[in-house]
Amino acid sequence: MDINNDTYNNEDEFILEVKNLVKFYGNFEALKGINFAVKKGEIFGFLGPNGAGKTSTINMIIGLAKPTSGSITLSGADCVKNVKKAQHLIGVVPDENNLYDEMNGFDNLTFCASLYGIKKDKREKKAKELLEQFNLLDAGEKPYKAYSKGMKRKLTIAAGIIHEPSILFLDEPTTGIDVESARQIRKLILDLNKSGTTIFLTTHC
């Protein structure tokens with residue numbers, strides 16, 4: 001992938017800045033010095049065909065991989081040198097649902113919140129609020145494996161925002177689900193954005 005955008009008008013308005021990012025896997029250059037910036041409060045679309053390097057870029061931003069060279073800054077935090085600080089600002093919804101099949105919706109959410117050090121009373125309150133917001137209250141006591149694809153996707157998004165991240169990364173959020181569920185998820189994404197969450201949306205073109 002090779003994206004170049006050197007027109008940064010006001011760095012204070014950006015929540016995420018990627019500069020001269022390069023990634024090699026052996027002798028293969030997956031990323032060729034890409035540059036982009038994401039404004040606070042926007043919905044940013046990261047488009048490209050399969051194999052273009054989208055996943056490699058995301059993995060470096062969220063701390064799952066290190067760049068060969070270049071810099072990644074998130075709300076002033078260096079994502080390369082200070083991974084843990086940056087990760088607390090990030091919510092991630094991968095393209096594959098990653099919650100626990102045997103746990104119900106409520107327990108999945110409270111478990112995810114506990115990973116961020118959120119206290120029990122607060123995480124339980126937040127889990128109930130999200131189940132209601134995402135129209136999953138009736139399914140809150142059902143095991144995750146019993147959810148429909150659309151319900152699983154919504155709960156995965158809820159898990160990604162339970163710690164109230166500044167920016168939410170969504171990888172193909174509506175792939176493989178029915179039209180009505182996809183419509184509901186798009187509305188949830190818009191509502192999250194209106195409430196102040198920056199959205200980083202990846203999809204293939």
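The coordinates are above.
Residues numbered from 1 in each chain as written. Predicted model: local features only at pLDDT ≥ 70, side-chain atom pairs only at ≥ 80, totals over all residues. Heavy atoms only, no water.

Asker: I'm lost on helix H3 (residues 105-115) in this one. Help?
Answerer: Each turn of an α-helix holds 3.6 residues, which means side chains three or four residues apart point in the same direction. For H3, every residue scored as buried is listed here: Gly105, Phe106, Asn108, Leu109, Thr110, Cys112 and Ala113. Summarising the contacts, the buried residues of H3 are in contact with helix H4 (120-133) and helix H5 (149-161). Capping the start of H3 is the job of one residue whose side-chain oxygen sits 3.2 Å from the backbone nitrogen of Phe106: Asn104. Among the residues trailing H3, Gly117 stands out with phi positive, at a value near 80 degrees. (Buried < 20%, exposed > 50% of the residue type's maximum accessible area, 1.4 Å probe, protein only. Helix = DSSP H or I, 4+ residues; strand = E, 2+ residues; numbered from the N terminus. Contact = heavy atoms within 4.5 Å. Polar contact = N/O pair within 3.5 Å; in protein donor to acceptor, adjacent residues only side chain to side chain.)

Asker: Could you clarify how one ought to interpret the sheet that holds strand S4 (residues 69-74) in this entry?
Answerer: The pairing of strands in a sheet happens through backbone hydrogen bonds and is either parallel or antiparallel. Taken in spatial order, the 4 strands make up an open sheet running S2-S1-S4-S5, and their pairing is antiparallel. The outermost strands of the open sheet, each flanked by one partner alone, are strand S2 (28-39) and strand S5 (77-78). As defined by bridge partners, S4 adjoins S5 across 2 bridges and the pair is classed as antiparallel. Bridge assignment links Thr73 to a residue of S5, and that residue is Asp78. (Pairing = 2+ DSSP bridges.)

Asker: Would you mind going over the pairing of strand S1 (residues 14-25) with me for this structure?
Answerer: Bridge analysis of S1 against S2 gives 9 bridges, and the strand direction is antiparallel. Across the sheet, the residue bridging to Lys23 is Leu31, located in S2. Where S1 hands over to S2, the hairpin turn is made up of 2 residues, of which Gly26 adopts a positive phi near 65 degrees. Here S1 pairs with S4 via 5 bridges, running antiparallel. Paired with Val22 across the strands is Ser69, a residue of S4.

Asker: What should I look at first to understand the nonpolar core in this one?
Answerer: A general trend in soluble globular proteins is that nonpolar side chains are found buried together. Core analysis: the largest hydrophobic core is formed by 30 residues, its most contacted members being Leu109, Phe134, Leu155, Ile157 and Leu168. When residues of this core are traced back to their parent elements, those giving at least two are H3, H4, H5, strand S7 (167-171) and helix H6 (179-194). Contacts of Leu155, omitting those with residues within four sequence positions, involve Leu99, Gly105, Asn108, Leu109, Leu131, Leu136, Tyr144 and Tyr147. Core analysis: the next-biggest nonpolar cluster, separate from the first, contains 23 residues, Leu31, Leu74, Ala86 and Phe169 among them. (Core = buried A, V, L, I, M, F, W, Y, C linked by side-chain atoms within 4.5 Å.)

Asker: What exactly am I supposed to notice about the packing of H3 against H5 here?
Answerer: Two quantities define a packed helix pair, namely the angle between the helix axes and the distance between the axes. Remark: H3 packs on H5, axes separated minimally by 8 Å, with the N-to-C direction vectors making an angle of 25 degrees. Taken together, the axis directions place H3 and H5 in an arrangement best described as roughly parallel. The crossing of H3 and H5 is right-handed. Together, Gly105, Asn108, Leu109 and Cys112 of H3 and Leu155, Ala158 and Ala159 of H5 make up the contact between the two elements. A class-by-class count of the residues in the contact of H3 with H5 yields 5 nonpolar, 2 polar and no charged. (Axes fitted to C-alpha atoms, helices over the stretch in contact; angles between N-to-C directions. Parallel < 35°, antiparallel > 145°, perpendicular 65-115°, else oblique. Left-handed = near helix turned anticlockwise from the far one by under 90°. Nonpolar A, V, L, I, M, F, W, Y, C, P; charged D, E, K, R; others polar.)

Asker: What is the right way to look at the packing of aromatic side chains in this model?
Answerer: Each aromatic ring pair is characterised by the separation of its centres together with the angle its planes make. In the structure shown here, the tally under the stated rule is 8 aromatic pairs. Residues Phe36 and Phe44 carry aromatic rings whose centres are separated by 5.5 Å and whose planes lie at 20 degrees to one another, so their mutual orientation is stacked. Both residues of the pair, Phe36 and Phe44, count as buried. Ring centres 5.7 Å apart and planes at 50 degrees place the aromatic pair Tyr144 and Tyr147 in the tilted group. Owing to a relative accessible area of 1%, Tyr144 belongs among the buried residues under this scheme. For Tyr147, a relative accessible area of 5% corresponds to the buried category. Cation over ring: Lys23 sits above Tyr25, and NZ or CZ is 5.2 Å from the ring centre. (Phe/Tyr/Trp six-rings, centres within 6.5 Å; stacked < 30°, edge-to-face > 60°. Lys NZ or Arg CZ within 6 Å of the ring centre and 35° of its normal.)

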